[in-house]
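What the coordinates show
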Amino acid sequence: MPCKTPYKIFTGERVLATLPKWINQNYPSYKIAIILDSNTKKFCKKHLEKNLNKCPQKKLWIEFKAGEKQKNLKTVEEICEKLFKNNFGRDTLILAFGGGVTGDIAGFLAAIYMRGVPFVQIPTTLLAMVDSSIGGKTGVDTSFGKNLLGAFYEPKAVFADMNFLKTLPKKEYENGLVESLKMFISMDKKAVSKWQKNEKKILKKDKNLLNWIIKNSIQLKQNVTQDDLTENGKRSVLNWGHSVGHALEKLSKYTLSHGHAVGLGMIWESQIAIDKKYLGKDALKQIQTLLKNLEVNLEELKNIKVDAIIETMKTDKKNRNGRIKMIMLKKMGETVHARNDWTVTATPQEIKTAYKNLLHANL
């Protein structure tokens, strides 16, 4: 079923101040459950708490330990039990307050709790603002791979307040930049050019450029999710770099950040595209330069076990008929596709050969 993006996305500075009015207008009699991790509680809770004081509804703050390792069914079950014990029924509004892990957990919880209750995304990291809070993907990880259990369930609204980014650690900021750069390289050549011209200012968190990155990333993601909510067509392009990236994340036991892993995936998958004659070498050089400035270091690929990466990639959701499927870059701003198929088969041998070619050329 096509998605027409009926929910409102609020971006900019101090948009959190508009949240109470929105809640009181749309869910005046609903109980409010705020889901957040330990890091968000430590650094951001007081800002949301201050604004929610303007909402007279009953509130319940539910905290879980920060980290990708907590993104599992056990955490979801523990949160559900707290909601049950506090008599939260179908008249519950869930606020997903934090980064991508929180958004995925709280969104999945909202999709299954009482067979579906409304939720709002309040992303506090750049990665969540430009990517995971938009598009309705929710889910948790399993021992077999990342995001293998989940639902397509859209929020009722997104409040992306740039003020949360002022104290965002450098590593987390770069995480979000990689995800935006991924969208620009695969879908918007002009945005890549603007990025290259303003790279130093972007790295220094220039307010105007950061606002442009967030809004442009959101618009690009909306463009491909509006008519493909369940990822049966063009939405797949958002997964460029993720086939390899998710495998790297899992095998690192999530010590490798998502943005960093996706950056390495973008480079590796670009090499596969070069070997398959889809992409020119100059494009890969540009990509490597852009990512190197975001501290994506190819040295980290030097000692990995390629066979283990391939085995992990076999659980990827894009795969069909036992074949590994991935997005292939054709040129800056464009990926390979035929009719409604936006993925290309990559054999285990092609993945291995690309790895060898990549290391031979760079290390």
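As a starting point, this report considers the structure included with it. Counting from 1, residues in each chain are numbered in the order their sequence is written. Under the rules for a predicted model, residues below a pLDDT of 70 receive no local features and side-chain atom pairs below 80 are neither given nor counted, while totals for whole chains, interfaces and linings still include all residues. Only hydrogens and water are set aside when side-chain values are computed; all heavy atoms of the structure are taken into account.

Let's talk about unusual backbone geometry
The condition is simple: Runs of E in the DSSP output that reach at least two residues are strands. Runs of H or I that reach at least four are helices, and both are numbered from the N terminus. Throughout, exposure labels follow a simple rule: accessible area from a 1.4 Å probe, protein chains only, divided by the maximum for the residue type, with under 20% read as buried, over 50% as exposed, and the rest as partly exposed.
In this structure, Y254 takes a positive phi of about 65° despite not being glycine. Checked against the element boundaries, Y254 lands in the loop between α11 (242–251) and α12 (258–275). A positive phi angle, close to 65°, is found at E295, a residue other than glycine. For E295, the position within the fold is in the loop between α13 (281–292) and α14 (306–313). Residue class for E295 comes out partly exposed when judged on its relative accessible area of 47%.

A word on the sheet that holds strand β1 (residues 8–12)
Our working rule: Paired strands, as defined in this entry, are two strands with at least two bridges between them according to DSSP. Think of each axis as a best-fit line through the C-alpha atoms, taken over the contacting stretch in the case of a helix, with angles from 0 to 180 degrees between the N-to-C directions. Pairs of residues are marked as contacts when any of their non-hydrogen atoms sit within 4.5 Å.
Strand order in the open sheet formed by six strands is β1-β8-β5-β4-β2-β3, and the pairing between neighbours is parallel. Whereas interior strands pair on both sides, the edge strands pair on one side only; in this sheet they are β1 and β3 (59–64). Taking the axes of each pair of neighbouring strands and ignoring which way they run, one obtains an average angle of 15° across the sheet. Here strand β4 (residues 92–98) pairs with strand β5 (residues 119–123) via five bridges, running parallel. The residue of β5 that forms the bridge with L95 is V120. Of the strands in this sheet, β2 (31–37), β3, β4 and β5 touch helix α3 (residues 45–52), which is tilted by about 170° from β3.

Distances and angles like these do not, on their own, reveal function.
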